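Results of the structural survey
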Amino acid sequence: MADQFKIADSAFDIKRKTLHSNAVINTTRLAIPTTVMTTWLGEDTGWEESWGIAQVKNSATPVDHLNKNTAKTKLTLMLRRVAKQYYYDNPAATAEDIANAGLVTRALARGTGVIAETEIPTTSCKPQEGHTFTFVCKDSMGKKGKPKGIVFYRIRYFFGANPPASPGLFPLFKDCNKHPIKLGFTLAQAGQPITMAVCYVTKDGNEGSYGFVFSTVIP
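What counts and what doesn't
Each chain has its residues counted from 1, following the order in which its sequence is written. A pLDDT threshold of at least 70 governs which residues receive local features in this predicted model, and a stricter bar of 80 or more applies before side-chain atom pairs are shown or counted, although totals over entire chains, interfaces and linings include all residues. Excluding hydrogens and water, the side-chain values take into account all heavy atoms of the structure. Working definition: helices are DSSP H or I runs of at least four residues, strands are E runs of at least two. Numbering for both runs from the N terminus. Radius of gyration: over C-alpha atoms. The globule rule applied is 2.2 Å multiplied by the number of residues raised to the 0.38 power. Residue exposure (1.4 Å probe, protein chains only): buried if accessible area is under 20% of the type maximum, exposed if over 50%, otherwise partly exposed. The contact criterion used throughout is that any non-hydrogen atoms of two residues lie within 4.5 Å. Only the protein chains shown count as cover for residues, and the accessible areas themselves come from Shrake-Rupley with a 1.4 Å probe. The charged-residue count follows a simple rule in which Lys and Arg add positive charge and Asp and Glu add negative charge, with His and chain termini not counted at all. A charge is said to be at NZ when it belongs to Lys, at CZ for Arg, at CG for Asp and at CD for Glu. Lines fitted to the C-alpha atoms define the axes, with helices restricted to the stretch that makes contact. Angles between their N-to-C directions range from 0 to 180 degrees. In this scheme, a crossing is called left-handed if the near helix is turned counterclockwise away from the far one by less than a right angle; it is called right-handed if the turn is clockwise. Ten residues, namely Ala, Val, Leu, Ile, Met, Phe, Trp, Tyr, Cys and Pro, are considered nonpolar, four, namely Asp, Glu, Lys and Arg, are considered charged, and the remaining ones, Gly among them, are considered polar. Residues grouped as a nonpolar core are buried Ala, Val, Leu, Ile, Met, Phe, Trp, Tyr and Cys residues, joined through side-chain atoms within 4.5 Å. Only when DSSP finds a minimum of two bridges between them are two strands counted as paired.

What to know about the overall build of the protein chain
- Of the regular secondary structure elements, the protein chain holds five helices and seven strands.
- Against the compact-globule benchmark of 17 Å for 219 residues, the protein chain has a radius of gyration of 18 Å, which places it among compact chains.
- Principal-axis analysis of the C-alpha atoms gives the protein chain an extent of 55 × 45 × 35 Å.
- Across the 219 residues of the protein chain, 44% fall into the buried class.
- Within the protein chain, counting contacts between residues at least 6 apart in sequence, those at least 24 apart form 63% of the total.
- Per element, the accessible surface of the protein chain, about 11600 Å² overall, is 57% carbon and sulfur.
- Charged side chains of the protein chain number 26 positive and 18 negative; the gap between the two group centres comes to 5 Å.

Considering the packing of helix α2 (residues 34-54) against helix α3 (residues 62-88)
- One way to put it is that α2 packs onto α3 with a least axis distance of 8 Å and a crossing angle of 150 degrees. α3 is crossed by α2, and the crossing has left-handed handedness.
- A class-by-class count of the residues in the contact of α2 with α3 yields 12 nonpolar, five polar and seven charged.

Some points on the nonpolar core
- Among the nonpolar cores identified, the biggest contains 27 residues, and Leu19, Trp40, Tyr87 and Leu103 are the most heavily contacted of them.
- The dominant element in this core, judged by the number of residues it contributes, is α3, at nine residues.
- Non-local contacts of Leu19, meaning those with residues more than four positions away in its chain, are made with Phe5, Trp40, Leu79, Tyr87, Ala101 and Leu103.
- Residues Ile150, Phe185, Val198 and Tyr200 belong to the second largest nonpolar core, which totals 18 residues.

Thoughts on unusual backbone geometry
- In this structure, the amide linkage connecting His179 to the following residue, Pro180, adopts the cis form with an omega of 0 degrees.
- As for its position among the elements, Pro180 is in the loop between β4 (172-176) and β5 (181-184).
- Of note in this structure, His131 is not a glycine but carries a positive phi near 60 degrees.
- With respect to the helices and strands, His131 occurs in the loop between β1 (122-128) and β2 (132-138).
- Residue Asn162 is not a glycine yet carries a positive backbone phi of 55 degrees.
- By secondary structure assignment, the location of Asn162 is in the loop between β3 (150-159) and β4.

Let's talk about the sheet that holds β2
- Sheet architecture is open: three strands sit in the order β1-β2-β5, paired in antiparallel fashion. Here the strands that pair on one side only, and so sit at the sheet edges, are β1 and β5. Each strand of the sheet is rotated relative to its neighbour by a mean of 25 degrees, with strand direction disregarded.
- Looking at chain direction, β1 and β2 are connected through seven bridges and run antiparallel. Bridged to Thr123 within β2 is Cys137.

Observations concerning the sheet that holds β4
- Read from one edge to the other, the open sheet built from four strands follows the order β4-β3-β6-β7, with strand pairing classed as antiparallel. Because the sheet does not close on itself, it has two edges, and the strands there are β4 and β7 (213-217). The mean inter-strand angle of the sheet, taken between neighbouring strand axes irrespective of direction, is 25 degrees.
- As defined by bridge partners, β3 adjoins strand β6 (residues 193-202) across nine bridges and the pair is classed as antiparallel. What sits directly across from Phe158, in β6, is Thr195.

Right, here's the structure in full:
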């Protein structure tokens, strides 16, 4: 399994927040010990503080960046342990838990032929007039645009309640090759529930891991 935590600092910060928030909500059901949550909170706080200091380019020193890198290494070890023990190897954790925690689904963790785990789009979604959604996708460096080797942004979507746990199982999709990335619907479809997620697609047609999953209604 590729190291899904070896990513740019900005993407790492989003990923660690997503995983921690999910674990806090599901601590009892996933049987995560209080001691683990306490240790995790300490590592999480250490990263948050050092990352906040290192982001201020005009004042951050080499020591600040070293402290940030050290905190990231320590937190990464914690996140790997939590992901393996309390999500992937935990019978109580469902595929939906794994996806909602921002982790790679089991299928992608085991599979071959997918693009590098570092290339998960950080996606934002906004409803627009005309029953349309627009998406902005940023790469692992925080830049808008397709990474090397990527030919499409793929929006997979599912109408109705109770979507599949993995976005890769959503039956409908639209491919876009540049921004603006838009997904439009008809007046008759307005008000219907919809779940959407975006991934990168290589020239060979391989899908990468999906970013955030958006559940809303069609405007």
